[in-house]
Amino acid sequence: MSNLYESIKDIALLHQNVNSFGSGDIFKLNDMKDIQYPIIWVELQTTDLNYTHINPTIRIYYVDRTLDDFSDSMQVELDSIQVLNDLIYSISNYYQILNKTSVTIFNQKFFDMC
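Notes on the structure follow. Along every chain, residues carry numbers that run from 1 in the direction the sequence is written. Local features are withheld for residues below a pLDDT of 70 in this predicted model, meaning they are given only at 70 or higher, and side-chain atom pairs are given and counted only at 80 or more; totals for whole chains, interfaces and linings count all residues. Side-chain numbers come from the whole structure's heavy atoms, not from hydrogens or water.

1. Side note on the sheet that holds strand β3 (residues 54-63)
Spelled out, the test is: Each pair of strands is called paired provided DSSP finds at least two bridges between the two strands. Counting from the N terminus, the helices are the DSSP runs of H or I reaching at least four residues and the strands are the DSSP runs of E reaching at least two. With axes taken as lines fitted to C-alpha atoms, and helix axes fitted only over the stretch in contact, angles between N-to-C directions fall between 0 and 180 degrees. The contact criterion used is simple: two residues touch if any of their non-hydrogen atoms lie within 4.5 Å.
An order of β1-β2-β3 is seen for the three strands of this open sheet, with the pairing classed as mixed. Looking at the sheet topology across the chains shown, the edges are occupied by β1 (20-23) and β3. Averaged over all pairs of adjacent strands, the angle between their axes in this sheet comes to 25°, without regard to strand direction. The sheet contact formed by β1 and strand β2 (residues 39-49) spans four bridges and is parallel. What sits directly across from Gly-22, in β2, is Trp-41. Lying over the sheet, helix α1 (residues 2-14) contacts β1, β2 and β3, oriented at roughly 160° with respect to β1. Those strands touched by helix α2 (residues 73-91) are β2 and β3, and its axis lies near 150° from that of β3.

Now the structure itself:
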């Protein structure tokens, strides 16, 4: 599993629209100081096991900031979709992706924004 995280980290940090990488519970972002946005965050959801394979299900977040008035939120959302698409495409060159992928847009205030 650590190889998977390292591969995603390496791929993500090569992208021109990604400045940081993290993993674990997404709300660990609340404890981080001086985050370099945008950040890719990877969270393990479930893992299917059989005798020969380990098949993890992961959630990949693209976290970025918007202006206080949210006037750039549409552009941030479009950027996030493009970056995630690029990331999934690159990951698929190294790992078999068994399930369809989808993007869910969400807005969340983390403590560094309050």
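2. Some points on the pairing of β2
Sheet analysis places β2 next to β3, joined by ten bridges and oriented antiparallel. For Glu-43, the partnering residue across the bridge sits in β3 and is Arg-59. The turn joining β2 and β3, which pair antiparallel and follow one another in sequence, is formed by four residues.

3. Thoughts on unusual backbone geometry
Threshold: Categorising residues by exposure relies on relative accessible area from a 1.4 Å probe, with only protein chains included: less than 20% of the type maximum marks a residue as buried, more than 50% marks it as exposed, and the intermediate range marks it as partly exposed.
Note that the residue after Tyr-37, namely Pro-38, is joined by a cis bond; omega there is -5°. Note that Pro-38 resides in the loop between β1 and β2. Despite not being glycine, Asp-34 has its phi angle at roughly 55°, a positive value. Along the chain, the position of Asp-34 falls in the loop between β1 and β2. Overall, Asp-34 belongs to the exposed group, its relative accessible area being 74%.

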